[in-house]
Protein chains: 2
Amino acid sequence: MNDKRIIQLLDDQDFYDRFERIKHVMSDSGLDSMLIGGNANLFYLTGRVFAGYVFISTSTTGPLYFVRRPNDLAGDNIFFIRKPEDIPGELSAAGIDAGRHIGLETDTTSYTMCRRLMKAFGMSEAGNADAVLRTVRSVKTGREIELIAESGIKQEGVYREIPSLYRSGMTDIDLQIEIEYLSRQRGCLGQFRISGDSMELFMGNILAGDNADTPTPYDFAMGGGGQHPSLPVGANGTVITDGMSVMVDCNGNFNGYMTDMTRVFSTSEVSQLALEAHDCSREICRKLAEAGQPGVPARMLYEQALEIVRSHGLEAFFMGHRQHAGFIGHGVGIEINEMPVIAPRSRDVLEVGNVIALEPKFVIPGTGAVGIENTYVVCGAGPMRCLTNAPEEIIRL
Amino acid sequence: MNDKRIIQLLDDQDFYDRFERIKHVMSDSGLDSMLIGGNANLFYLTGRVFAGYVFISTSTTGPLYFVRRPNDLAGDNIFFIRKPEDIPGELSAAGIDAGRHIGLETDTTSYTMCRRLMKAFGMSEAGNADAVLRTVRSVKTGREIELIAESGIKQEGVYREIPSLYRSGMTDIDLQIEIEYLSRQRGCLGQFRISGDSMELFMGNILAGDNADTPTPYDFAMGGGGQHPSLPVGANGTVITDGMSVMVDCNGNFNGYMTDMTRVFSTSEVSQLALEAHDCSREICRKLAEAGQPGVPARMLYEQALEIVRSHGLEAFFMGHRQHAGFIGHGVGIEINEMPVIAPRSRDVLEVGNVIALEPKFVIPGTGAVGIENTYVVCGAGPMRCLTNAPEEIIRL
């Protein structure tokens, strides 16, 4: 057939940048080869998602593609397979040695599938390919930063229109549905990729009033009771009323790469304490953006934030009130929870090309959640550059 | 605090039904105990999602709950933990022996986490708790069937309104966004739970015209190129025009349990071949609903469907044209891909309480996808009962 689709959608320079860095980190990790099959990693490696695996070896010049579906892909070094057990034979036939230390996505692939692959390759131990990809993916290429910035501009556009969506008497769920609808009309893809199985979220999180103080099971910065016990996070049907903060933290995935942005809205003035906390959040973002230079340990940013919070006497409300989140920022890209993590015991050190969402938030009883979240890129010199530039004050609905 | 939330939301009889069946299947599988932490299984066991584990032993009277988050849950036998490694010590302190054969969710939990748990419990091999839960969850309780039927009624309501959403000149994506918006307004929770990491879908799948024939990497019955290479399934921006079929297969999760329903729409008559194939799909559903009685092997239903397809000479178009799906039906409940599977080599045998989506579909070049999908429950006697009763003919937009 002539209508085969190309498997490798990345441009040459971008692909080369990613692949060279991967081989470098693999060598540091003592891995001879890796077999990668998770959707987020496949998208990183090829610019698309398929059912199958990318095989990368430090001793071969380029990756090999083992594809189960779809059947219309074309590209250099594609091997169509029925099952992963076919891969070792194909490699042998091609005269390629996978080596002794093979990395699998052990942090994100099921035990059963890892064991299948280990058995097929005769491995007694598996290296951690997820750790390699997490490290590599934490430093974005120029093209990735362009894509994230593009999502940021689109997400800003949606946030600027939010006040026009509000109608008196709305619940937080009503407003969320309007924001979802607008986001999708403006090109949001909807899919919200989170690494690991334990976190779930549909399109985003809207927290009105004291619902922000409802502890959630998930490792998000903020909570909320949710619409139903099967998905206990976010909006819970609270009617939006005067004096209440409405925190909007919605899906910024417009091209496979996402920004993460939070803004607060309200129908009236909020309490003085809430205003102070909101300003404190903006101060933290401003100062951390200045401090966030290459070589700075991520935990230092956390400590600096905490110092600012203490100087305002707001510790009791920081990152929750009845239940506190243990981090104030995280890498973002293809997934919402990438490296580095801005947390007290983080061992990450900032590098040029890190893209980091900072979300120093507060929960004020009687008002709700306040504070902002922006996505920044770590630059070679000077402060981090903000990719989410919607107005930061509390916006009147 | 007095506002603790109850951990166990199921009513007593329903909980008892599930738990007794689990212990029975565990015994058959030779498991002494199981540690369950996946969100879908937690929801099945408790009616809610939390961060932590349910411990079930064949030798104790009820489950124990090991909870990491949220911190405001209350219930019999709750142990708050910081990390899963705390569990064996808590069990010892309570004088409970986990036994020698412990089951973990090996098919859905990462290799790293399974290894952590195995190390904590001193296990050299892990039993497959996913297999137990898959078997148990394939037979729904009375309450579960009520919930699925409730979702079916709500989903029917959405589908009946679809013609009112269409405007001339719309693309498939435009229509999908309108359906998503309506679904959410009618109470759809949005979240679309799929077991396993390799399948992704946002809210549903709309296929207009020849896009239905684009192979997808995912194991869905139908394909579609998708809106973006990061999520290659479903609507791709095709403008809806006369003669084209528009297949709608959208999210039916209104309460944590979902129905799966597909209907076809068009702005004009479609080709004679497409009409024949659509009628053939309805015939297959009708005959399989009659045949789908307890004790019938799932593969027999598949064979019967294929016979009907052959009698109409439609094999080339059945379950895809350029790429064919290998199944015509699947269990549905908390997740979209439950047991039993209606496929040629399925070893599943129908039982009372199975809830099965049948989707014998066709792709007709030049027209698009046709056929219907309904969700049925296997009854004690007589045909399967349909839970998705929207009109089945091709509906005019």
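Here the structure is shown first, and the text comes after it.
Rules behind the numbers
- Residues numbered from 1 in each chain as written.
- Chains lettered and ligands numbered in written order.
- Predicted model: local features only at pLDDT ≥ 70, side-chain atom pairs only at ≥ 80, totals over all residues.
- Heavy atoms only, no water.
- Buried < 20%, exposed > 50% of the residue type's maximum accessible area, 1.4 Å probe, protein only.
- Helix = DSSP H or I, 4+ residues; strand = E, 2+ residues; numbered from the N terminus.
- Pairing = 2+ DSSP bridges.
- Least-squares fit on C-alpha atoms with pLDDT ≥ 70 in both.
- Contact = heavy atoms within 4.5 Å.
- Buried area = accessible area lost by both parts, 1.4 Å probe.
- Salt bridge = Lys/Arg side-chain N within 4 Å of Asp/Glu carboxyl O.
- Polar contact = N/O pair within 3.5 Å; in protein donor to acceptor, adjacent residues only side chain to side chain.
- Phe/Tyr/Trp six-rings, centres within 6.5 Å; stacked < 30°, edge-to-face > 60°.
- Lys NZ or Arg CZ within 6 Å of the ring centre and 35° of its normal.
- Axes fitted to C-alpha atoms, helices over the stretch in contact; angles between N-to-C directions.
- Parallel < 35°, antiparallel > 145°, perpendicular 65-115°, else oblique.
- Left-handed = near helix turned anticlockwise from the far one by under 90°.
- Nonpolar A, V, L, I, M, F, W, Y, C, P; charged D, E, K, R; others polar.
- Patch = residues over 30% accessible without salt bridge, like charges linked within 9 Å, V, L, I, M, F, W, Y side chains within 5 Å.
- Areas by Shrake-Rupley, 256 points an atom, 1.4 Å probe, with all protein chains shown as cover.
- Lys, Arg positive; Asp, Glu negative; His and termini not counted.
- Charge placed at Lys NZ, Arg CZ, Asp CG, Glu CD.

Overview of the pairing of strand 10 (residues 246–250) of chain B
Residues and elements named next belong to chain B.
- Summarising burial for strand 10: five of the five residues are buried, a large majority.
- Across the two faces of strand 10 the burial is the same, with V246, V248 and C250 and M247 and D249 all buried.
- With five bridges connecting them, strand 9 (residues 204–208) and strand 10 associate as antiparallel partners. Counterpart to N205 in the pairing with strand 10 is D249.
- With five bridges joining them, strand 10 and strand 11 (residues 261–266) adopt antiparallel strand pairing. The residue of strand 11 that forms the bridge with M247 is V264.

With respect to the relation of the copies chain B and chain A
- Of the two same-sequence chains, chain B is brought onto chain A (RMSD 0.0 Å, axial shift 0.0 Å) by a rotation of 180 degrees. Put plainly, the chains are arranged around a two-fold axis.

Concerning the interface of chain B and chain A
- Listed by partner, the interface residues are 64 residues for chain B and 64 residues for chain A.
- Ranking the residues of chain B by area buried against chain A places B:R69, B:Y111 and B:R184 at the top, with a combined share of 14%.
- Between the two partners, chain B and chain A, sit ten salt bridges.
- A salt bridge links B:R322 to A:D72; its shortest N-O distance comes to 3.4 Å.
- Along the contact surface separating chain B from chain A lie 42 residue pairs in polar contact (both at pLDDT 80 or more).

Some remarks on the pairing of strand 16 (residues 368–371) of chain B
- Two elements, strand 15 (residues 361–364) of chain B and strand 16 of chain B, share four bridges in a ladder whose sense is antiparallel. If you follow B:I364 over to strand 16 of chain B, its bridge partner there is B:G368.

As for the packing of aromatic side chains
Residue and element names in this part refer to chain A.
- In total, this model carries 13 aromatic pairs over all chains according to the counting rule given.
- Note on F66 and F79: the rings are 5.0 Å apart at their centroids and 20 degrees apart in plane angle, and the pair reads as stacked. Here F66, found in strand 4 (residues 64–69), pairs with F79, found in strand 6 (residues 78–80); they are 13 residues apart in sequence, far enough to count as distant.
- Residue classification places F66 among the buried positions, given a relative accessible area of 0%.
- Of note, R18 hangs over the ring of Y44, and the distance from its end group to the ring centre comes to 4.8 Å.

What to know about the packing of helix 2 (residues 39–46) of chain A against helix 5 (residues 129–138) of chain A
Residue and element names in this part refer to chain A.
- One can describe the packing of helix 2 onto helix 5 by two numbers: an axis separation of 11 Å at closest approach and a directional angle of 50 degrees. By the angle between their axes, helix 2 is oblique relative to helix 5. The crossing of helix 2 and helix 5 is left-handed. Contact residues: A40, N41 and Y44 in helix 2; D130, L133, V136 and R137 in helix 5.
- Of the residues assigned to the contact of helix 2 with helix 5, the class counts are four nonpolar, one polar and two charged.

What to know about helix 2 (residues 39–46) of chain B
Residues and elements named next belong to chain B.
- For helix 2, the buried fraction is high: eight of the eight residues fall into the buried class.
- Taken as a whole, helix 2 has its buried residues at N39, A40, N41, L42, F43, Y44, L45 and T46.
- Structurally, helix 2 contributes buried residues whose contacts are with helix 1 (12–29), strand 2 (33–36), strand 3 (51–57), strand 4 (64–69), helix 5 (129–138) and helix 6 (142–165).
- One or two steps after helix 2, the chain reaches G47, where phi turns positive at roughly 85 degrees.

Things to note about a negative patch on the surface
- On the surface, a cluster of negative charge is made up of A:D11, A:D12, A:D17 and A:E20.
- Looking at where A:E20 falls in the secondary structure, it is placed in helix 1 (residues 12–28).

A look at the pattern of salt bridges
- If you walk through the whole model with that rule in mind, you get 46 salt bridges over all chains.
- Residues B:D219 and A:R68 are paired through a salt bridge, measuring 3.4 Å at the closest nitrogen-oxygen approach. Remark: A:R68 occurs in strand 4 and B:D219 occurs in the loop between strand 9 and strand 10; the pair is interchain, linking two chains.
- With a closest N to O distance of 3.4 Å, B:R282 and B:E392 form a salt bridge. Of the two residues, B:R282 sits in helix 8 (residues 272–291) while B:E392 sits in the loop between strand 18 (385–386) and strand 19 (395–396), which places them 110 residues apart along the sequence.

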